[in-house]
Amino acid sequence: MTRKRIVLVNALVVSLIAGCAYALLTDAEKWPFSPYPMYSYIDGDPSVSRLELVGVPDDSFSGETRLSIMKQFKPWDDARLMKSLRRFLEGPGGNAAVSKALGELLDVYEAGRSTGRHDGVRLRGLRLYRLTWRNVGPRTFRAGSPDKRELVGQFQRAASFSPTRVPDGLPSPMGLF
Amino acid sequence: MKSFWNRLWFEPASPVNLGVCRALIFTAYLIRYLAVPLNVSEFALMSSEFWKPLPVLGFFVPPLATAFWLRAFETAWFVALALSALGLFTRLSTALAFLLGAYLLWIPHNFGKLHHNDMITVLVTGVLMFSRCGEAWSLDRFFENHRRKKSGRPPETVAPSGEFTWPVRLVWLALATVFFAAGVSKLRHSGLAWITSDNLALMLIKANYMAYIDYPPLLPLGVPLGRLPWACHIIAAATMATELGFPLVLVSRRVRRVLVPVMFFVLIGIMLLFLPSFPELIACFVFFVPWENLKLRSRVAAA
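Fair warning: this is a prediction, and the values are worked out from it, not measured in the lab.

Undergrad: Help me understand the environment of leucine 67 of chain A, please; the structure alone is not making it clear to me.
TA: All names here are of chain A. Take leucine 67: it is sitting in the loop between β2 (65-66) and α2 (69-72). Judged by its relative accessible area of 14%, leucine 67 falls in the buried class. A C-alpha to C-alpha distance of 49 Å links leucine 67 and alanine 11, two positions 56 residues apart in sequence. With residues near it in sequence (within four places) discarded, leucine 67 still touches Leu53, Val54, Gly55, Gln72, Phe73, Tyr109, Leu123 and Leu126.

Undergrad: Honestly, the state of the cysteines in this entry has me stumped. Any pointers?
TA: When the sulfur atoms of two cysteines share a covalent bond, that bond is a disulfide. In this structure the tally under the stated criterion is zero disulfides over all chains. Not engaged in a disulfide, the cysteine cysteine 20 of chain A finds its nearest cysteine sulfur in cysteine 284 of chain B; these two sulfurs lie 15 Å apart. Classification of cysteine 20 of chain A by relative accessible area gives buried; the value is 8%. With no disulfide of its own, cysteine 284 of chain B has cysteine 21 of chain B as its nearest cysteine by sulfur position, at a separation of 10.0 Å.

Undergrad: Looking at this structure, how should I read the pattern of salt bridges?
TA: A side chain with one charge can pair with a side chain of the opposite charge if their charged atoms come near. Residue and element names in this part refer to chain A. The tally for this structure, following the rule as stated, stands at 22 salt bridges over all chains. Note that glutamate 52 and arginine 66 form a salt bridge whose closest N and O atoms lie 3.7 Å from each other. Pair noted here: glutamate 52 is in strand β1 (residues 48-57) and arginine 66 is in strand β2, with a separation of 14 residues, a long-range link. Judged by relative accessible area, glutamate 52 falls into the buried class, the value being 4%. Residue class for arginine 66 comes out partly exposed when judged on its relative accessible area of 44%. The closest approach of N and O atoms between arginine 127 and glutamate 64, which form a salt bridge, is 2.7 Å. Note that arginine 127 is positioned in strand β3 (residues 123-133) and glutamate 64 in the loop between β1 and β2, a separation of 63 residues in sequence.

Undergrad: Which parts of the structure should I look at to understand the sheet that holds strand β4 (residues 148-156) of chain A?
TA: The pairing of strands in a sheet comes from backbone hydrogen bonds and takes either a parallel or an antiparallel form. All names here are of chain A. In spatial order, the strands read β2-β1-β3-β4; together these four strands make up an open sheet with antiparallel pairing. Each end of this open sheet is capped by a strand with a single partner; those strands are β2 and β4. Bridge count between β3 and β4: eight bridges; the pairing is antiparallel. In the strand pairing of β4, arginine 127 is matched with glutamine 154. The sheet contacts of helix α3 (residues 78-90) involve β1, β3 and β4, and relative to β1 the element is tilted by about 95 degrees.

Parameters at a glance
Residues numbered from 1 in each chain as written. Chains lettered and ligands numbered in written order. Predicted model: local features only at pLDDT ≥ 70, side-chain atom pairs only at ≥ 80, totals over all residues. Heavy atoms only, no water. Helix = DSSP H or I, 4+ residues; strand = E, 2+ residues; numbered from the N terminus. Buried < 20%, exposed > 50% of the residue type's maximum accessible area, 1.4 Å probe, protein only. Contact = heavy atoms within 4.5 Å. Disulfide = S-S within 2.5 Å. Salt bridge = Lys/Arg side-chain N within 4 Å of Asp/Glu carboxyl O. Pairing = 2+ DSSP bridges. Axes fitted to C-alpha atoms, helices over the stretch in contact; angles between N-to-C directions.

Any link to function would need more than the numbers given here.
Put into structure tokens, the structure is as follows:
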């Protein structure tokens, strides 16, 4: 090996160690270096909270359809999309920001459907729910229906078969309804 | 100290091991990103509200190219990965695989959430870009020997060199930094309570609540395992010890024999019990297999 190559390799070794140390010492993401904090915090909260995105079919006022984020909202994956929506929920824009985001996601869904990338039903709206299970523990596992299912955001267009109207019995509408 | 350092990084080795690792890791990356494409061009069509920039190295945010260019880059990246796996135009293809991959892999992290699975891809392709990984098990070598044969010269024998040792060891170091950092983070944020508390039991249980939204863990063992506190404490202790001790695999063959398979099964366990999978990290374990020895052993067995 030439001296130049040896210097290059030593520089690579030092850079790799320095990058890792930089991320670790600052405890912050320095992509592509990271302190890898996932699963490192103790989660003592005896409840579980998850966001769930469901669709409102175009031919129904009250029905909802389950959605597959990975298949129907490409390029999003579940974790990435829910983190984004949670950021909107907790951000200054609140419900209006969530509704706007859901409107854009509905466009993504419908674009995928119309181009044949997925075979989901035609939607006219999206709803975002926060699901909560309480009293979660090793002896109390029951992942069936959540204890609380709360509508935290929605976006709805007028149905293609009738003018816009707010149906009775729906949860309190928000945003751009 | 100097001789230890030189032995660690520059001990002469034949090019076979590095060549096999190159072929396998680029094949694995190609399959992984073809199976679940990044589709980054579609992120470019999202509104700026979704954009939450993640600075590269903590200080630099590259511009987001248009959807057209991102599609072109992604196609070129797949070609570069395939050529790198085949070992054709290896210097150029590995360089493109790194440069395009680093840019494309960075983009999704600016939308919503940073996933930690693909940073290792950037580091490993970066290492291979600087290496002479196309000297064996490559079409470059095949065509070169074919040319020599046609002109009546004997095939070129590549002598053992430190050039074929340091890239493998540097990938080991990259993996060691990942696992060590994860161990340090657990100690920093939770201390030994990460082992002694009910934390792991609760995490195993909570992972199963995703089943309600169609994302159940692959193996339904999290709940029964979470009900065995002693088992959770042992797994937590073993995980943290393996992560913190992993850098030792660079210097001790004995430690390597224990910690490499243990960490491999920890990653498999996370995938089966928690769902997040780290295929890019798991693929890197090909760098721990002594491919050349396996080849020799199979020859001896055949004889």
